[in-house]
Amino acid sequence: MLKKIRKFLLYFTFGFLLTVTAIVILAKVYTKEIKQYAISYLNQYLTAEVHVDNVRLDLLKRFPQATLVFENAHIEDLNNAATGDTMLFAKELLLKFDFVEIFNGQYHINQAEAVDAVLNLSVTAEGKENYLIWQQKKPAEIREFHFELNQLSFINTKINYDNRLTKQQYNCKASTVRLSGNFTEQLFDLEINSNLLLQSVKIGDLTYIKNEKTVLETTLSIDKISKKYLIENGTVNIGGLDFNVSGNYLTESSFCDLSIIGKNLVLNRVFSVFPSVFFEKFKSYNSKGNLDFNATIKGVTAKNNVPDIVADFEIKDGKLTERNTRIDLDNITFSGHYSNADLGELSIQNISGSILQSYFAGNIQIKNFNHPVITAKINGDMDLESIQEFFQFQSLSYLNGLLNVDLDIKGKSRKGNFTTTKSKGKFHLKNVNVKTNSNDLEYTDLNGMFSLKNGNAIISNCSGTIFNSDFNLAGVLRDFIPYLLGKNKVLTIEADLDSRFIDLSQITALASAANQTRGYAPSSILPKNIAFNFNTTVEKLSYQEFDAKNIRGIASLQNQTLTGKNVRFEANEGTYRTQFEFDGSN
């Protein structure tokens, strides 16, 4: 028995070595012939030049298929021929055909494979594609060699797509991309399967996706006669988010009609995958909940035309959790609509949510993204301490108290400046305490009612204290909404100011000390973005060794300069009248 096994192994080894030797000899014998056929065929059909370091026939590499191996192959880039750039470089470009065809002299290339490749696809601003390099012409004169492709594969390939016509850039690194179909037919289905790392998706100036694992599985129906591409049911998984894609594209008219649907998309993945300019703030929160998304892209893609993009989305029962304080923004619900027509529109309706004892609801709409027109409505009762703990406002040391809001605002934004065209509503402060990080002043027991009118806030009996000093205001905050929503806006306060006692020594000392600690000039204690005009009545004022009472007059602040007019006060058993000016800008 043992002798029979040894004999079998001996014959098997001999037969195997003989077969391998025969295959190697065949490869040597037929390499020159097939190489000549292949190069002549490609030169007849390709409009771009192909360069290779070496061509060899390998009958073992993809056995039982025979493989014609082009080593260090590169195809020139028609859009950048002057610079010598390449559309395709492959360490190995494999053309595969049936093994038995070696013996009948008819070579039908049915599969092609690029290994360790770089593929640079581009469209110029004039609409010229660099990848349309296969000429449609009469059958090749070389009848012994022709392409009947049914599979095209890319292994370990970097793919770059730059469309300057539509201002789109895509960059990815594919472990595998496999395209299967009868490429020689006028009508055929192309199956696409790929696993890749989507390194960047950039449209215009905005980068939408960075470094996300992506799986694409779809069937594309191709009609070469009408030049139409149809996707009936494609699936794309980007960073763990599943989308269904369907629609069609007509190459002659550059018309596309696509539908993209995402159901039950996990919020924390949405925040991580899509543009940081939209979601960077949300990345610092833990999130729960799902998003439904439905978008269409329809229209002609041309140099001066962008197709219509419409998207509807909805979130129900979402939750965001601040990672340090563990405070929840809970019961998040809203529905939204986006359109790029008429310079763009974003509408978010039925917004609602809660934070501990706080709740809010509202709507927001933005039209014309070039020169935004913003309409917003918000109402709710808010516990400011929980709001501060959740949002972690860096400009505040602490914040607590209650805020009731019911606002309706409309305005225009231009280069960071907000102009109010309509505002109404009110907000009510109740027992609010706040301390800013810009100075060491503490504002306590703030209470008051404010009503909005044309961007201003009418003050109805607002009272509070700054350490030992108290105040009561009644008047108007001019440009209040632009001050809150814009940049470099000045808030002007015109009001009657009443106070029982002001300790000016304490206020100025703390403000000056805070400025010195933060590196500000010691005397620049007056704010740049606040102006006021107070009709002042103060029962008692103390400043260092000076005490005064029954103070009356007009106090104004403009451009960090404090002035007093028609000032009258009692001090040192006498009555005095004066005026003053103090420059706090330097």
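As a reminder, the structure under discussion sits directly above these lines.
Trainee: Is there a simple way to explain the environment of Thr325 in this structure?
Mentor: Structurally, Thr325 is set in the loop between strand 14 (308-322) and strand 15 (328-339). Each C-alpha atom, one on Thr325 and one on Phe390, is 7.2 Å from the other, the two residues being 65 residues apart in sequence. The residues touching Thr325, leaving out its near neighbours within four places in the chain, are Glu389 and Gln392.

Trainee: Would you take a moment to explain the side chain of Asn163 for this structure?
Mentor: Turning to its location among the elements, Asn163 is positioned in strand 6 (residues 145-163). Only 2.8 Å separates the side chain of Asn163 from the side chain of Tyr161, close enough to count as a polar contact.

Trainee: What should I look at first to understand unusual backbone geometry in this one?
Mentor: Trans peptide bonds make up the majority, and among non-glycine residues the majority have a negative phi. Positive phi is not limited to glycine here, since Asn211 has a value of about 55°. Structurally, Asn211 can be placed in strand 9 (residues 206-223). The class of Asn211 is partly exposed, set by a relative accessible area of 48%. Notably, Phe467 is not glycine yet its phi reads approximately 55°, a positive angle. Along the chain, Phe467 turns up in the loop between strand 22 (456-466) and strand 23 (469-478). Since its relative accessible area comes to 26%, Phe467 is described here as partly exposed.

Trainee: I would appreciate a short explanation of a positive patch on the surface in the present structure.
Mentor: Together, Lys367, Lys377, Lys410, Lys412, Arg414, Lys422 and Lys424 make up a positively charged patch on the protein surface. Counting residues per element, the ones that place at least two in the positive patch are strand 19 (396-414) and strand 20 (417-436). Looking at the positive patch element by element, the count peaks at 3 residues for strand 19. Among the secondary structure elements, Lys410 is positioned in strand 19.

Trainee: Sorry, what's going on with the layout of surface pockets here?
Mentor: To find the voids left in a structure, one rolls a probe of water-molecule size over its atoms. As a volume, the second largest pocket reaches approximately 280 Å³. What lines the second largest pocket is a set of 18 residues, and nearest its centre among them are Asp77, Asn80, Ser122, Asp162 and Arg164. When residues of the lining of the second largest pocket are traced back to their parent elements, those giving at least two are strand 5 (107-123), strand 6 and strand 7 (168-180). The biggest single contributor to the lining of the second largest pocket is strand 5, with 4 residues. Classifying every residue of the lining of the second largest pocket gives 5 nonpolar, 9 polar and 4 charged.

Trainee: When you look at the packing of aromatic side chains in this model, what are you seeing that I'm missing?
Mentor: Working definition: an aromatic ring pair is given by the centre-to-centre distance plus the angle between the planes. Counting across every chain of the model gives 9 aromatic pairs. Consider the rings of Phe313 and Phe334, whose centres lie 6.4 Å apart with planes at 85°: the pair is edge-to-face. Of this pair, Phe313 sits in strand 14 while Phe334 sits in strand 15, placing them 21 residues apart in sequence. Here Phe427 and Phe480 contribute two aromatic rings whose centre-to-centre distance is 5.5 Å and whose plane-to-plane angle is 15°, an arrangement assigned as stacked. In this pair, Phe427 sits in strand 20 while Phe480 sits in helix 6 (residues 480-485), placing the two residues 53 residues apart along the sequence. No difference in accessibility class separates Phe427 from Phe480, as the two residues are buried.

Rules behind the numbers
Residues numbered from 1 in each chain as written. Predicted model: local features only at pLDDT ≥ 70, side-chain atom pairs only at ≥ 80, totals over all residues. Heavy atoms only, no water. Helix = DSSP H or I, 4+ residues; strand = E, 2+ residues; numbered from the N terminus. Contact = heavy atoms within 4.5 Å. Polar contact = N/O pair within 3.5 Å; in protein donor to acceptor, adjacent residues only side chain to side chain. Buried < 20%, exposed > 50% of the residue type's maximum accessible area, 1.4 Å probe, protein only. Patch = residues over 30% accessible without salt bridge, like charges linked within 9 Å, V, L, I, M, F, W, Y side chains within 5 Å. Areas by Shrake-Rupley, 256 points an atom, 1.4 Å probe, with all protein chains shown as cover. Salt bridge = Lys/Arg side-chain N within 4 Å of Asp/Glu carboxyl O. Lys, Arg positive; Asp, Glu negative; His and termini not counted. Charge placed at Lys NZ, Arg CZ, Asp CG, Glu CD. 1 Å grid on protein atoms, 1.4 Å probe; cavity = no way out; pocket = protein on both sides within 12 Å on 5 of 7 lines; lining within 4 Å. Points joined across faces, edges and corners; volume = space filled by probe spheres on them. Nonpolar A, V, L, I, M, F, W, Y, C, P; charged D, E, K, R; others polar. Phe/Tyr/Trp six-rings, centres within 6.5 Å; stacked < 30°, edge-to-face > 60°.

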